[in-house]
Amino acid sequence: MSDQSWPLWEVFIRTRNGLAHRHVGSVHAVDATMALHAARDTYTRRGEGLSVWVVPSASITASDPADKDMMFEPTASKIYRHPTFYEIPDEVGHM
Amino acid sequence: MYTQALNTQDSAPVAKSDPQADSRFQARVDAEEKIEPNDAMPEAYRRTLTRQIAQHAHSEIVGMLPEGNWITRAPSLKRKAALLAKVQDEGGHGAYLYAAAETLGTSREQMEEQLLSGAAKYSSIFNYPTLTWADIGIVGWLVDGAAIMNQIPLCRCSYGPYARAMVRVCKEESFHQRQGYEIMIALCKGTPAQKQMAQEALNRWWWPVLMMFGPPDKDSLHTESAMRWKIKRFTNDELRQKFVDATVPQGHFLGLTFPDPALKFDTTTQHWNYGEIDWAEFKRVVAGDGPCNRQRMKQMRAKHTDNAWVREAANAYANKRRQRAAAMPIAAE
Ligand SMILES: [Fe+2]
Ligand SMILES: [Fe+2]
């Protein structure tokens, strides 16, 4: 087959102002302009967004699920990072 | 369903399994945890899902053919706009699904090649012709209706990317079914000739639509593992029964008669009983001998070769721009 494979792009959409862009899926495209067009056609056919980002998938550095414990477990023991760790007398009221 | 042809033995060599890793995986699935792309998973799970999602994607794409066939002949501008939007949605569904399958490590090009070579299957239903405008009503009402029945539980599938793709798809399918049913209402309230056209379309499509749910549970090869892995939440027969129960009253509302003399409401079970499905026909169509199999494959291959210049031009243009950018002196330095 004559076609070389087109790079993969991850698509992020801001559904309305005030919200962050959120990952919605991916598209194949030869370049950023084409990726943007494909993302628009594929993921915003019903007013799903006001802004689209496309990012080459290869540019994303992701944590390895196998390292999940090393990465995230240490926070589980740090309960003093949460407001509920501290005792405030009821008389003080909401804080 | 769109993946009914999964009911064939997988001829690939059996993957080695690690019982300990497999039971850790099963525990996560049992706890309703979602499995994400880079997570450890049994090879058989990866392979089953890849085949299922690819078949589903192929069905969306091939499914554009029988409906696309009527876009230029839609009876009004409203119907034309709706059909065009629906067919475009199906292309989108194929795109979401290929993207979900790719996260399991098979490229879209590979999947497409498997479809074009005939190695991969798509739903048997798209091997039936859309002979009249009423067939377009039937496809929306029944084919999309059956697809929705199947796809709603897939929104809770254990594999995250597939489940998320299904959520998007299900949001869009509702319009597909409703526009189809509206076509049926218009025909059934129309002239006697229109009503007859609607009835004939139902007669042609009813049994093939019931086959969409795949072989009966007793003959279904992969139901057990698919249920255990929470890829599937209901068996083929359960989904088929749900569909019949939901659809028969809709057909009666239209004043149509289902082509099944055995169709009868059972007051004790509160279900509609239906007659024997011709599984020999189903096997024939899945094996490649349905009314339109050859035509569909011919169209898919022609589309692939006829559009090759677009892919080549896009690549050439991107390369040229890259080279130009590389040759440009770096102004900021
Ligand atoms: Fe679809
Ligand atoms: Fe649809």
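Our subject is the structure that appears above.
Each helix and strand counted, chain A has two helices and three strands in total. For chain A, the N- to C-terminal ordering of α and β elements is β-β-α-β-α. Computed over C-alpha atoms, the radius of gyration of chain A comes to 21 Å, more than 25% over the 12 Å expected from 2.2 N^0.38 for 95 residues, which places it beyond the range of a compact globule. Each of the three principal axes of chain A carries a C-alpha extent, and together these read 75 × 35 × 15 Å. Within the span of chain A, comprising 95 residues, buried residues form 22% of the whole.

This part is about helix α6 (residues 133-154) of chain B. Since one α-helical turn is 3.6 residues long, residues separated by three or four positions face the same way. Residue and element names in this part refer to chain B. Taking 1.5 Å of rise per residue, 22 residues should cover 32 Å, and α6 covers 31 Å from first to last C-alpha, within 8% of that figure. Along its length, α6 shows its largest kink, about 35 degrees, at Val139. Of all 22 residues in α6, 20 are buried; the element is thus mostly enclosed.

With that settled, the discussion passes to the coordination of the iron ion (ligand 2). Residues and elements named next belong to chain B. Bound to the iron ion (ligand 2) are the protein donor atoms Glu90 (OE), Asp144 (OD), Glu173 (OE) and His176 (ND1), situated 1.9 to 2.2 Å from the metal. Here the donor residues of the iron ion (ligand 2) share one chain and are spaced in sequence as E-x53-D-x28-E-x2-H. The distance between the iron ion (ligand 2) and the iron ion (ligand 1) comes to 3.3 Å, with Glu90 serving as a donor to both metals. Of this pair, Glu90 sits in helix α4 (residues 77-102) while Asp144 sits in helix α6; the two residues are 54 residues apart in sequence, bridging distant segments of the chain. Assessed through its relative accessible area of 4%, Glu90 is described here as buried.

Moving on, we get to the packing of aromatic side chains. In the structure shown here, the tally under the stated rule is 14 aromatic pairs over all chains. Both rings, one in Phe85 of chain A and one in Tyr86 of chain A, keep their centres 5.0 Å apart while their planes meet at 85 degrees; by these two values the pair is edge-to-face. Among the residues examined, Phe85 of chain A registers a relative accessible area of 41% and is labelled partly exposed. For Tyr86 of chain A, a relative accessible area of 48% gives the class partly exposed. Pairing Trp70 of chain B with Trp133 of chain B gives two aromatic rings, centres 6.1 Å apart and planes at 65 degrees, and the pair type is edge-to-face. Here the residue Trp70 of chain B occupies a position in the loop between α3 (64-68) and α4, and Trp133 of chain B occupies one in helix α6, the gap between them amounting to 63 residues. A single burial state applies to Trp70 of chain B and to Trp133 of chain B, both of which are buried.

Now for the sheet that holds strand β1 (residues 8-14) of chain A. All names here are of chain A. Pairing within the open sheet is antiparallel, and its three strands lie in the order β2-β1-β3. Each edge of the sheet is formed by a strand with only one pairing partner; in this case those strands are β2 (22-28) and β3 (51-56). Looking at each pair of strands side by side, their axes are set apart by 30 degrees on average, direction ignored. With six bridges connecting them, β1 and β2 associate as antiparallel partners. By the bridge assignment, Leu8 is partnered in β2 with His28.

On to a nonpolar patch on the surface. A cluster of nonpolar residues, Ile79, Tyr80, Phe85 and Tyr86 of chain A, forms a patch on the protein surface that exposes about 430 Å² of accessible area. Looking at where Ile79 of chain A falls in the secondary structure, it is placed in the segment after α2 (68-76).

All names here are of chain B. Between α4 and helix α7 (residues 160-188), the shortest axis-to-axis distance is 10 Å and the interhelical angle comes to 160 degrees. Comparing their axes, α7 and α4 come out roughly antiparallel. For the pair α4 and α7, the sense of crossing is left-handed.

Quick look at the interface of chain A and chain B now. The partner chain B presents 24 residues to the 20 residues of chain A that form the contact. Taken over both partners, the interface formed by chain A and chain B buries close to 2,000 Å², and the fraction arising from carbon and sulfur atoms is 48%. We note a salt bridge from Asp89 of chain B to Arg46 of chain A, for which the minimum N-O separation is 2.5 Å. In this structure, the connection of chain A to chain B is made through nine residue pairs in polar contact (both at pLDDT 80 or more).

Here we take up the side chain of Ser158 of chain B. Considering the arrangement of structural elements, one finds Ser158 of chain B in the loop between α6 and α7. A distance of 2.7 Å separates a polar side-chain atom of Ser158 of chain B from the backbone oxygen of Trp229 of chain B.

Here the focus is the pattern of salt bridges. Note that side chains of opposite charge can pair when their charged atoms are close. The tally for this structure, following the rule as stated, stands at 23 salt bridges over all chains. Note that Lys78 of chain B is salt-bridged to Glu182 of chain B, the shortest N-O span being 2.9 Å. In this pair, Lys78 of chain B sits in helix α4 while Glu182 of chain B sits in helix α7, placing the two residues 104 residues apart along the sequence. Look at Lys78 of chain B and you get exposed, because its relative accessible area is 55%. Through salt bridges with shared partners, a single network forms among Arg45 and Arg46 of chain A together with Asp89 and Glu172 of chain B.

If you look at the biggest cluster of nonpolar residues, it comprises 89 residues, and the most contacted ones within it are Tyr45, Ile53, Trp141, Tyr159, Tyr162, Trp206 and Val209 of chain B. Dropping the residues within four chain positions of it, Tyr159 of chain B is found in contact with Ile35, Glu36, Pro37, Met41, Tyr45, Leu49, Ile53, Ala100, Thr103 and Leu104 of chain B.

Residues and elements named next belong to chain B. In this structure, Ile71 sits in the loop between α3 and α4. As a C-alpha pair, Ile71 and Asn127 span 56 residues in sequence and 18 Å in three-dimensional space. Residues within four places of Ile71 in sequence aside, it is in contact with Lys80, Leu83, Leu84 and Val87.

Definitions and cut-offs
Residues numbered from 1 in each chain as written. Chains lettered and ligands numbered in written order. Predicted model: local features only at pLDDT ≥ 70, side-chain atom pairs only at ≥ 80, totals over all residues. Heavy atoms only, no water. Helix = DSSP H or I, 4+ residues; strand = E, 2+ residues; numbered from the N terminus. Rg over C-alpha atoms; globule rule 2.2 N^0.38 Å. Buried < 20%, exposed > 50% of the residue type's maximum accessible area, 1.4 Å probe, protein only. Expected span 1.5 Å × (residues − 1). Bend = angle between axes of the 7 residues up to and from the residue. Donors = N, O, S within 2.8 Å, 3.2 Å for Na, K, Ca; no water. Phe/Tyr/Trp six-rings, centres within 6.5 Å; stacked < 30°, edge-to-face > 60°. Pairing = 2+ DSSP bridges. Axes fitted to C-alpha atoms, helices over the stretch in contact; angles between N-to-C directions. Patch = residues over 30% accessible without salt bridge, like charges linked within 9 Å, V, L, I, M, F, W, Y side chains within 5 Å. Areas by Shrake-Rupley, 256 points an atom, 1.4 Å probe, with all protein chains shown as cover. Salt bridge = Lys/Arg side-chain N within 4 Å of Asp/Glu carboxyl O. Parallel < 35°, antiparallel > 145°, perpendicular 65-115°, else oblique. Left-handed = near helix turned anticlockwise from the far one by under 90°. Contact = heavy atoms within 4.5 Å. Buried area = accessible area lost by both parts, 1.4 Å probe. Polar contact = N/O pair within 3.5 Å; in protein donor to acceptor, adjacent residues only side chain to side chain. Core = buried A, V, L, I, M, F, W, Y, C linked by side-chain atoms within 4.5 Å.

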